[in-house]
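Survey of secondary and tertiary structure
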Amino acid sequence: MIRRLTEKDRELVITFAGNRPAENLFILGDIEAFGMEGDAITLWGDFNEQGELISILLRYLGNFIPYARDPELLDGREWAKVIVESGQLKNFSGLQNLVEKIMPHIDVPILKKQLCHYAKRDTRLPIDKTLIRKDVKMLFPEEAEKVVALRNSIFTNYSETPSTLQKNMDKGISRTYYIERNNEPVSSVSTVAETAGAAMIVGVCTKKEYEHQGFATSCLIKTISALTAEHKQPCLFYDNPAAGRIYERLGFVPIEKWMMIKY
């Protein structure tokens, strides 16, 4: 039986999803930030005949993410029905083996589909802090515009605004480390969706003329070190094999593949 979840179900959901904090980073992060119900967020749960929770679905704005400990217990047809009937579907993402059980039953044209590697790093692994350059700085919220300008010059279709980045930094769900030359950032690494147990690393970049000098690696290790000190498991997406090799050298291990679909 599928029903909407409320604040009374918070502990049940946190226990259900909390055993895999990296895999459920977005679900747990949105619950921490926005609660269990509201205009921006909705959660549903599917319960078996014994009343046990077997799968959940999160909606944040037009984005939907499913989770089940056992993929065999996830009812793809019923969850697709919930998603479509909400009338709010724009993006659908999650672990590939879960998304692919639901996706065939969503009768809505797909605009874009992307598959990425999803990796995490054990917080018990040692960190070689000697690789952190002394000129790595932490970005202050009021400096957000500097890093947004850097990413706009490197990434195509980069959409984050300085005000959004600043707001997330003020909330404590994002942080950025960077290196600058001539008073301008030339390399940076950020986190998003930080929760009590994990954080997503994003925006790893370096200006072309400063590549192959260890700038991004240094910012990355600084980020990993800071997260590990707070017992937050670092995780990230990548679809570039070269980037994957760098992350694996730093201790990241692929979890599963993460599928993102735009409608």
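Described in the following lines is the structure provided in the data block. Just so we're clear, the structure is a prediction, and the values are computed from it rather than from any experiment.

Each value, and the rule that gives it
Residues numbered from 1 in each chain as written. Predicted model: local features only at pLDDT ≥ 70, side-chain atom pairs only at ≥ 80, totals over all residues. Heavy atoms only, no water. Helix = DSSP H or I, 4+ residues; strand = E, 2+ residues; numbered from the N terminus. Buried < 20%, exposed > 50% of the residue type's maximum accessible area, 1.4 Å probe, protein only. Pairing = 2+ DSSP bridges. Contact = heavy atoms within 4.5 Å. Axes fitted to C-alpha atoms, helices over the stretch in contact; angles between N-to-C directions. Arc of directions from axis to C-beta. Parallel < 35°, antiparallel > 145°, perpendicular 65-115°, else oblique. Left-handed = near helix turned anticlockwise from the far one by under 90°. Nonpolar A, V, L, I, M, F, W, Y, C, P; charged D, E, K, R; others polar. Core = buried A, V, L, I, M, F, W, Y, C linked by side-chain atoms within 4.5 Å. Phe/Tyr/Trp six-rings, centres within 6.5 Å; stacked < 30°, edge-to-face > 60°. Salt bridge = Lys/Arg side-chain N within 4 Å of Asp/Glu carboxyl O.

1. Overview of unusual backbone geometry
Of note in the backbone geometry, Asn183 takes a positive phi value of approximately 65 degrees without being a glycine. Looking at the secondary structure, you find Asn183 in the loop between strand S8 (176–181) and strand S9 (184–192). In this structure Asn183 comes out as exposed when scored by relative accessible area, which is 65%. Unusually for a residue other than glycine, Ala193 sits at a positive phi of about 50 degrees. Within the secondary structure layout, Ala193 lies in the loop between S9 and strand S10 (198–206).

2. What about the sheet that holds strand S1 (residues 2–4)?
Pairing in this open sheet of 12 strands is mixed, and the strands run S1-S2-S3-S4-S5-S12-S6-S11-S10-S9-S8-S7 from one edge to the other. Whereas interior strands pair on both sides, the edge strands pair on one side only; in this sheet they are S1 and strand S7 (137–138). Bridge count for S8 against S9 is 6 bridges, and the pairing is antiparallel. Residue pairing across strands places Thr176 opposite Ser190, the latter belonging to S9. Contacts between helix H1 (residues 10–18) and the sheet are confined to strand S2 (41–47), strand S3 (53–60) and strand S4 (63–67), with S3 contributing the most and set at about 100 degrees to the helix.

3. As for helix H3 (residues 76–86)
Residues of H3 that are buried include every one of Gly76, Trp79, Ala80, Val82 and Ile83, and no others. For H3, the angular spread of the buried residues around the axis is 160 degrees, confining them to a single face. Opposite the buried face of H3, at more than 90 degrees from it, the exposed residues are Arg77 and Glu85. Tucked into the core, H3 has its buried residues touching S1, S2, S3, S4, strand S5 (91–95) and helix H4 (96–102).

4. Notes on the packing of helix H5 (residues 144–154) against helix H6 (residues 162–171)
Interhelical geometry of H5 versus H6 gives an angle of 125 degrees and a closest axis separation of 9 Å. Judged by the inter-axis angle, H5 sits oblique to H6. In terms of crossing hand, the pair formed by H5 and H6 is right-handed. Of the residues in H6, those touching H5 at Ala144, Glu145 and Val148 are Pro162, Leu165 and Gln166. Split by residue class, the contact of H5 with H6 holds 4 nonpolar, 1 polar and 1 charged.

5. Here's the deal with the environment of Tyr177
Mapped onto the secondary structure, Tyr177 falls in strand S8. What makes Tyr177 buried here is its relative accessible area of 5%. Contact partners of Tyr177, with chain neighbours within four places excluded, come to Val136, Lys137, Met138, Ser187, Ser188, Val189, Cys219, Lys222, Thr223 and Ala226.

6. Here's the deal with the nonpolar core
Core analysis: the largest hydrophobic core is formed by 45 residues, its most contacted members being Ile56, Ile83, Phe92, Ile102, Ile106 and Tyr118. In this structure, Ile132, Val136, Phe215 and Phe252 belong to the second largest nonpolar core, which totals 21 residues.

7. Describing the packing of aromatic side chains
One pass over the structure, following the stated rule, counts 12 aromatic pairs. Both rings, one in Phe34 and one in Tyr60, keep their centres 4.9 Å apart while their planes meet at 25 degrees; by these two values the pair is stacked. In this pair, Phe34 sits in helix H2 (residues 25–34) while Tyr60 sits in strand S3, placing the two residues 26 residues apart along the sequence. Taking the relative accessible area as the measure of exposure, Phe34 reaches 32% and is therefore partly exposed. Seen from their ring centres, Phe155 and Tyr158 are 6.3 Å apart, and the 40 degrees between their planes marks the pair as tilted. Residue classification places Phe155 among the partly exposed positions, given a relative accessible area of 31%. Through a chain of ring-to-ring contacts, the aromatic side chains of Phe26, Tyr118, Phe237 and Trp258 assemble into a single cluster.

8. Focus on the pattern of salt bridges
Under the criterion given, the structure shown has 15 salt bridges. Glu23 is the salt-bridge partner of Lys120, the closest N and O atoms lying 3.4 Å from each other. Taken together, the residues span a long stretch of sequence, with Lys120 in strand S6 (residues 112–121) and Glu23 in the loop between H1 and H2 at a distance of 97 residues. Taking relative accessible area as the criterion, Lys120 reaches 26% and is therefore assigned partly exposed. We note a salt bridge from Lys137 to Glu180, for which the minimum N-O separation is 2.5 Å. In this pair, Lys137 is assigned in strand S7 and Glu180 in strand S8, connecting sequence segments 43 residues apart. On the basis of relative accessible area, Glu180 is assigned to the buried category, the value being 16%. Salt bridges here are not isolated pairs; linked through shared partners, they connect Arg20, Glu23, Lys120 and Glu256.

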